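Notes for the structure review
Below, each chain spelled out in residue letters.
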Amino acid sequence: MSPEQPRRSIRWGLPAGLLAASWLLPVLLHAVRLDVVLLPVIVLAIASVLRVGGGLLDRLVVAGLLFAGSLMTLGLVASFSPWGLHPVPAAGVLLTAVSLATVLGRRRPSLPLRGRPTDLVILGAGAVMWHYVHRPVAGKSAFERLSEILTAEDRIAHFSIFDTLHRVGGYAFINQSQARPSLSPPTEVAYPQGSHFLWTWIDVFRRSSVELGSPAEAYSRYFTYILLSYVLLCMALVWAARWVGGPRLRGWRAAAVCGSVAAFLVTSTLAWLIPAGFDSEIIGLLFLVLIAALVIRPAMGTAEYALVSVAGLVTVAYCYNPYAGFVGLFLIAGAIVHRRRQRKSRRFLYAVQILGGAIAVIPSAVTVLSHFDVGNQAMAGGAKIPLDRSTIIGLGALVVVAALYARNRRVGAVQMVLAVVLGSGLVIGLFGAWQKLTIGAPSYYFEKMVTAGLCLALISVGSIALLFRPVAGRSARRFGLGSEALMSVTAVVAALSLFGGVQWGAPAAEGQTSGFQKSDLLNWAKGKMSGTIGPGPAVFAERDIHRVQAPVITLYSNNAYANWRTSFFAESLLHDSHVMPAYANLLKVQIGGSLRAEHPEEDTPAKAAEREQSYRDSLENLKKVVADCPSTPTILVGDEAASTRLRRDLAAADVRATVLYAPLG
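Each chain has its residues counted from 1, running along the sequence as written. Local features in this predicted model are restricted to residues of pLDDT 70 or higher, and side-chain atom pairs are both shown and tallied only at a pLDDT of 80 or more, whereas totals for entire chains, interfaces and linings draw on every residue. Hydrogens and water are ignored here; the side-chain numbers use all heavy atoms of the structure.

**Quick look at the overall build of the chain**
As a reminder, the rule being used: Helix numbering and strand numbering both begin at the N terminus, where a helix is a DSSP run of H or I of at least 4 residues and a strand a DSSP run of E of at least 2. Only C-alpha atoms enter the radius of gyration, while the globule expectation follows 2.2 Å times N to the 0.38, with N the number of residues. Burial classes follow relative accessibility: with a 1.4 Å probe on protein chains only, a residue under 20% of its type's maximum area counts as buried, one over 50% as exposed, and anything between as partly exposed. Contacts were defined at the residue level, with two residues in contact if any of their heavy atoms lie within 4.5 Å. Surface accessibility in these figures is a Shrake-Rupley result with a 1.4 Å probe; residues are shielded only by whichever protein chains are displayed.
A tally of regular secondary structure across the chain gives 29 helices and three strands. For 665 residues, the compact-globule formula gives about 26 Å, and the C-alpha radius of gyration of the chain, at 28 Å, lands near that figure. Referenced to the eigenvectors of the C-alpha coordinate spread, the extents of the chain come out at roughly 90 × 80 × 50 Å. With 665 residues in all, the chain has 53% of them scored as buried. Considering only contacts in the chain between residues 6 or more positions apart, those separated by 24 or more positions represent 79%. Here the chain displays about 29400 Å² of accessible surface, and carbon together with sulfur accounts for 63% of that area.

**With respect to the nonpolar core**
This is how it is decided: To qualify as a nonpolar core, a set must consist of buried Ala, Val, Leu, Ile, Met, Phe, Trp, Tyr and Cys residues joined through side-chain atoms within 4.5 Å.
With 208 residues, the main nonpolar core has Tyr230 and Phe540 as its most contacted residues. In terms of residue count, helix α11 (residues 215-245) provides more of this core than any other element does, 21 residues in total. Sequence-distant contacts of Phe540, that is, excluding residues within four places in its chain, are made with Ile545, Val548, Val552, Thr554, Tyr556, Phe569, Ala570, Leu573, Leu574 and Leu636.

**Some thoughts on the confidence of the model for the chain**
The following threshold applies: Here pLDDT means the predictor's own confidence in every residue, given as a number from 0 to 100.
Averaged over the chain, the pLDDT score is 89; the fraction of residues at 70 or greater is 95%. By mean pLDDT, helix α24 (residues 473-500) is the weakest element of the chain at 73, and helix α13 (residues 279-296) is the strongest at 97. Every residue in residues 1-10 is under pLDDT 50, and counting partners more than four places away or in other chains gives one contact.

**Concerning the sheet that holds strand β1 (residues 552-555)**
For clarity, the threshold we go by: Any two strands are treated as partners once DSSP identifies two or more bridges connecting them. To define axes, lines are fitted to C-alpha atoms, for helices over the stretch in contact only, and angles between the resulting N-to-C directions are given on a 0 to 180 degree scale.
Strand order in the open sheet made by the three strands is β1-β2-β3, with parallel pairing throughout. The two strands at the open ends of the sheet, each matched to only one other strand, are β1 and β3 (658-661). On average, each strand axis in the sheet is inclined to that of its neighbour by 20 degrees, with strand direction left out of account. Strand direction decides the pairing type here: strand β2 (residues 634-637) and β3, joined by four bridges, are parallel. The partner of Ile635 across the bridge, within β3, is Val659. Taken strand by strand, helix α28 (residues 605-628) contacts β1 and β2, and its axis lies near 160 degrees from that of β1.

**A closer look at a positive patch on the surface**
Quick reminder of the rule: Each patch is assembled from residues with relative accessible area greater than 30% and no salt bridge, linking like charges that lie within 9 Å and nonpolar side chains (Val, Leu, Ile, Met, Phe, Trp, Tyr) that lie within 5 Å. Any Lys or Arg side-chain nitrogen located within 4 Å of an Asp or Glu carboxyl oxygen qualifies as a salt bridge. The positive count covers Lys and Arg only, the negative count covers Asp and Glu only, and His and the chain ends enter neither. Charge positions come from single atoms, namely NZ of Lys, CZ of Arg, CG of Asp or CD of Glu.
Where like charges cluster on the molecular surface, the positive patch consists of Arg339, Arg340, Arg343, Lys344, Arg346, Arg347 and Arg410. Elements that contribute at least two residues to the positive patch include exactly α16 (339-342) and α17 (346-360). Following the sequence through the fold, Arg343 ends up in the loop between α16 and α17. Judged by its relative accessible area of 53%, Arg343 falls in the exposed class.

**Brief notes about the pairing of β1**
Taking every second residue as pointing to the same face, both faces of β1 are buried, with Val552 and Thr554 on one and Ile553 and Leu555 on the other. Here four bridges tie β1 to β2, and the two strands are oriented parallel to one another. Following the sheet pairing, Val552 is matched in β2 by Thr634.

**Observations regarding the packing of aromatic side chains**
What counts is decided by this rule: Note on aromatic contacts: the rings of Phe and Tyr and the six-membered ring of Trp form a pair at centre separations within 6.5 Å, being stacked when their planes are under 30 degrees apart, edge-to-face when over 60 apart, and tilted otherwise. The rule for a charge over a ring is simple: NZ of Lys or CZ of Arg within 6 Å of the ring centre, and within 35 degrees of the ring normal.
Per the stated rule, a full pass over the model turns up 21 aromatic pairs. Taking 6.2 Å as the distance between ring centres and 70 degrees as the angle between the ring planes, the aromatic pair formed by Phe159 and Tyr222 counts as edge-to-face. One end of the pair, Phe159, is in helix α7 (residues 153-168); the other, Tyr222, is in helix α11, with 63 residues separating them in the sequence. Tyr222 shares its class with Phe159; the two are buried. Within the aromatic cluster, the residues linked to one another by ring pairs are Phe159, Phe162, Trp199, Tyr219, Tyr222, Tyr225 and Phe569. In this structure, Arg297 packs its charged tip against the face of Trp243, placed 4.0 Å from the ring centre. Across from the ring centre of Phe278, 3.4 Å away, lies the NZ or CZ of Lys448, which sits over that ring.

**Section: a nonpolar patch on the surface**
A cluster of nonpolar side chains, namely Val32, Leu34, Val36 and Val37, defines an oily patch on the protein surface of about 290 Å² accessible area. Position of Val37 relative to the elements: it lies in the loop between α1 (4-31) and α2 (38-49). By relative accessible area, Val37 is classed as partly exposed at 35%.

**Examining the environment of Gly245**
Secondary-structure assignment places Gly245 in helix α11. Separated by 87 residues in sequence, Gly245 and His158 have C-alpha atoms that sit 36 Å apart.

**What about unusual backbone geometry?**
Note: most residues except glycine have negative phi, and most peptide bonds are trans. The linkage connecting Pro185 with the following residue, Pro186, adopts the cis geometry, with an omega of 0 degrees. That bond from Ala550 to Pro551 is cis: its omega, 0 degrees, falls within 30 degrees of zero. Here Pro551 lies in the loop between α26 (536-542) and β1. A positive phi angle, near 55 degrees, is found at Ser208, a position not held by glycine. Following the sequence through the fold, Ser208 ends up in the loop between α10 (194-207) and α11. Positive phi values are uncommon outside glycine, yet Asp654 reaches one of about 60 degrees. Assignment of secondary structure puts Asp654 in the loop between α29 (640-652) and β3.

As structure tokens, then:
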């Protein structure tokens, strides 16, 4: 045996072993239906080959961003492939990529098992947020949860996308013909689907199955993912503010930064994102915050920065494309501010970023080529989160002060914060001016841009804290480490009191409540922001879904809006949401509940005549709805007398429909 043979065995043994493990582990875990274990395994594997940040939490955050970007990019291939969303090929490809990075990059897998004291504030913020956002649904069955889940019809539309991606095994914009039956047009091509795709694939790993399962259970799981997304957004904001401060931000100043951002989130109106049904926006903000922080302070090598750039472009553009322009702005600013750092490898870096931009623009390009009116959509109206502008303006002003401070003028991260905050503010201002010139006033999407501006302003707190001096030198030696710890705890307590309205048991002034007691987060936790759709969805999901076929029209009450929303919900469970545009006249149908007066003793001939006219007007609009249905619909009526009369009147008018009595009680 020649001397070279042992070396060749060692050289090829490690890659072969890693490659075999990359596929053997997913196969074995799938065989015992434990694919969910692969999620932390993949994230840890990615983290182990990265060289970024100073602690384990930093490494895991970056690995999570890369994992999400990889899944969304891999989804382009999976959407064409015969195996679709099956967990084994996905895990095998991702683990193989990590193995190749390990071998080609000559990196020994390792994880820094160290942390920072403020990690506890970040994790604590997540635990507190989860306690409050999950509280309304804790301990409830999938059917009982529906009243909290269906706070807005937007969430029904989001679930329809989640359901459709499960069914077609990939992106809807790639599988448009298969997706159209279960989506209201032009959702299959026009709406960003990255967030739904991410949770769909994670749901597949969680259940070890590509099947959606029980519709009510699927709705419950999907809502849990949205709550988790909001919690991760809040944690990301706290982490990003600390990351932006860099290694100079330590001790009580780091505690003050993390505590202040976490406290602000407790009383912030951002909690409105949950009941408003802005599911994609929540996840889009999450990835926007992460990529902003990592571009502001790129404490990593060129290879990692290139991958992070691509992951940021893809995740934001795929989850919520109105925010993609911000990411492009960040990368351009980064190329200018960090030009010396990137000089030696800028050709490679720019090439990778251009490739990532090309991948990121694919869904938006498909939308534009479908002749979807993007300009008209940008002027659309809708629900708005009541955000206070004063916080954004105040933080922006402090960023300018921090950037002009002598010690910070040449710090790249501080310069980047200034560029990000002022640049984003300019983009938001120009967008608002365009809307005002076009439609007379800033509208729906302007408020969404302002929400992004608030999040970017919050993470800038890390640079603002650098204006304060740390405890160092003689002071540190004189008072010892205990004083620094005491100052850190005191800083968090002060932040929670000043910005979170926490009174620590002290009684409020007579007739007054603290900011925390009035917060949207606590109102949500107490069930005060739950949906008003009524019991109809639960009744349909538990009972009536088993005796109908699509299309279905639910008339459980005389409330036209509740009936329309419940019908939308029912169609989403039946994978038939494409008929919803035909249901527009259902908003004028006030039939389904009792035909009698609510208070018979107060009834008069005039009121009886008014009710009769309302019934006849509603009947005419219902006929239009039935006529627009692609096939004979099933109509579920909550009142027995109303169902009998409606069945007779539709038959007399030669309108084909199956009318069933479906009481709510």
